[in-house]
Amino acid sequence: MKYYRYEIFVGLHDKNTNKEIPVNKIKNDITEIANLFHISFSLSTQIGGYLYKNNDFLVEKSIKLTFVLKKDKRKSAPLLDSIKQMYNQESVLITRTIIKSKYLTGEKENEVQ
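Residues numbered from 1 in each chain as written. Predicted model: local features only at pLDDT ≥ 70, side-chain atom pairs only at ≥ 80, totals over all residues. Heavy atoms only, no water.

### A closer look at unusual backbone geometry
Applicable threshold: Only DSSP runs of H or I covering at least 4 residues are called helices, and only runs of E covering at least 2 are called strands; the numbering of each starts at the N terminus. Classification of residues uses two cut-offs on accessible area relative to the type maximum, computed with a 1.4 Å probe and protein chains only: under 20% is buried, over 50% is exposed, and between them is partly exposed.
A positive phi angle, near 60°, is found at Asn18, a position not held by glycine. By the element assignment, Asn18 lies in the loop between strand E1 (3-11) and helix H1 (23-37). Positive phi, normally seen in glycine, also occurs at Asn88, with a value near 50°. By relative accessible area, which is 21% here, Asn88 ends up partly exposed.

Take a look at the structure:
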């Protein structure tokens, strides 16, 4: 069975006001949304650069949201739309990779085919 790893990159600046959105607010909101859609996830903060449509370049704090799905059900679409709208983003970068994964439980390893 194929698994899909999604990585979603979101800048922490509102596209209209250019004010930084508090990291804890985003962490709490995304946790709530992921819980609503029953999506296991990992979230980290980082620094990223973004080129706006008007050619302005901004280096800003950003988040990277990673999750893995057993099937590509496009289950991520409502989550992505929610994130883009809630934080007034010009865009959200999404990558999708087909992967194999292995759970290490201390017992027999379960490899995904």
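So that's the structure; there's more coming.
### Regarding the pairing of E1
Which entries qualify depends on this criterion: At least two DSSP bridges between two strands are needed for those strands to be called paired.
Taken across its 9 residues, E1 has 7 buried, putting it largely inside the fold. Examined bridge by bridge, E1 and strand E4 (residues 93-99) share 7 bridges and lie antiparallel to one another. Note on E4: the bridge partner recorded for Tyr4 is Ile98. Two elements, E1 and strand E3 (residues 57-69), share 8 bridges in a ladder whose sense is antiparallel. Residue pairing across strands places Gly11 opposite Ser62, the latter belonging to E3.

### Here we look at a nonpolar patch on the surface
Condition: A patch is a set of surface residues, each over 30% in relative accessible area and not in a salt bridge, joined within 9 Å for like charges and within 5 Å for the nonpolar side chains Val, Leu, Ile, Met, Phe, Trp and Tyr. Each accessible area is a Shrake-Rupley result for a 1.4 Å probe, and residues are judged covered by the shown protein chains and nothing else. Throughout this description, the term salt bridge denotes a Lys or Arg side-chain nitrogen within 4 Å of a carboxyl oxygen of Asp or Glu.
Residues Ile47, Leu51, Phe57 and Val59 make up a contiguous nonpolar surface patch of roughly 450 Å² in combined accessible area. Where the nonpolar patch is concerned, the elements lending two or more residues are strand E2 (42-51) and E3. On the basis of relative accessibility, which here comes to 56%, the residue Phe57 falls in the exposed class.

### Section: the nonpolar core
Note the following rule: Here the nonpolar core consists of buried residues drawn from Ala, Val, Leu, Ile, Met, Phe, Trp, Tyr and Cys, with membership extended through side-chain atoms lying within 4.5 Å. Contact definition: two residues touch when any of their heavy atoms are within 4.5 Å.
In terms of nonpolar packing, the biggest core is built from 18 residues, with Ile26 and Phe67 touching the most fellow members. Excluding residues within four positions of it along the chain, Ile26 makes contact with Leu12, Ile21, Ile63 and Tyr87.

### Topic: the packing of aromatic side chains
Cut-off, in case you're wondering: In summary, the pairing rule links any two rings of Phe, Tyr or Trp, Trp by its six-membered ring, whose centres are within 6.5 Å, and it sorts them by plane angle into stacked for under 30 degrees, edge-to-face for over 60 and tilted for everything else.
Scanning the entire structure with this criterion turns up 1 aromatic pair. Ring geometry for Tyr6 against Phe67: centres 5.2 Å apart, planes inclined by 15°, an arrangement best described as stacked. Highlighted residues: Tyr6 in strand E1 and Phe67 in strand E3, separated in sequence by 61 residues. Each member of the pair, Tyr6 as well as Phe67, carries the same accessibility label: buried.

### Brief notes about the sheet that holds E4
As a reminder, the rule being used: Here the axes come from fitting lines to C-alpha atoms, over the contacting stretch only for helices, and the angles between their N-to-C directions go from 0 to 180 degrees.
Spatially, the 4 strands line up as an open sheet ordered E2-E3-E1-E4, and their pairing is antiparallel. One side of each edge strand has no neighbouring strand; the edge strands of this open sheet are E2 and E4. Sheet twist, expressed as the average angle between the axes of neighbouring strands with direction ignored, equals 25°.

### Considering H1
Turn by turn, an α-helix covers 3.6 residues, leaving residues three or four places apart pointing in a common direction. We apply this condition: Helix span, as expected, comes to 1.5 Å for every residue beyond the first. It is the directions from the helix axis to the C-beta atoms whose arc is reported.
Its 15 residues give H1 an end-to-end C-alpha distance of 21 Å, which sits within 8% of 21 Å, the value for a rise of 1.5 Å per residue. Within the span of H1, buried status applies to Val23, Ile26, Asp29, Ile30, Ile33 and Ala34. Take H1 and look down its axis: the buried residues cluster within an arc of 130°, on one side only. The outward face of H1, more than 90 degrees from its buried face, is lined by the exposed residues Asn24, Asn28, Glu32, Asn35 and Leu36. Two residues or fewer past H1, His38 is found with a positive phi of approximately 55°.

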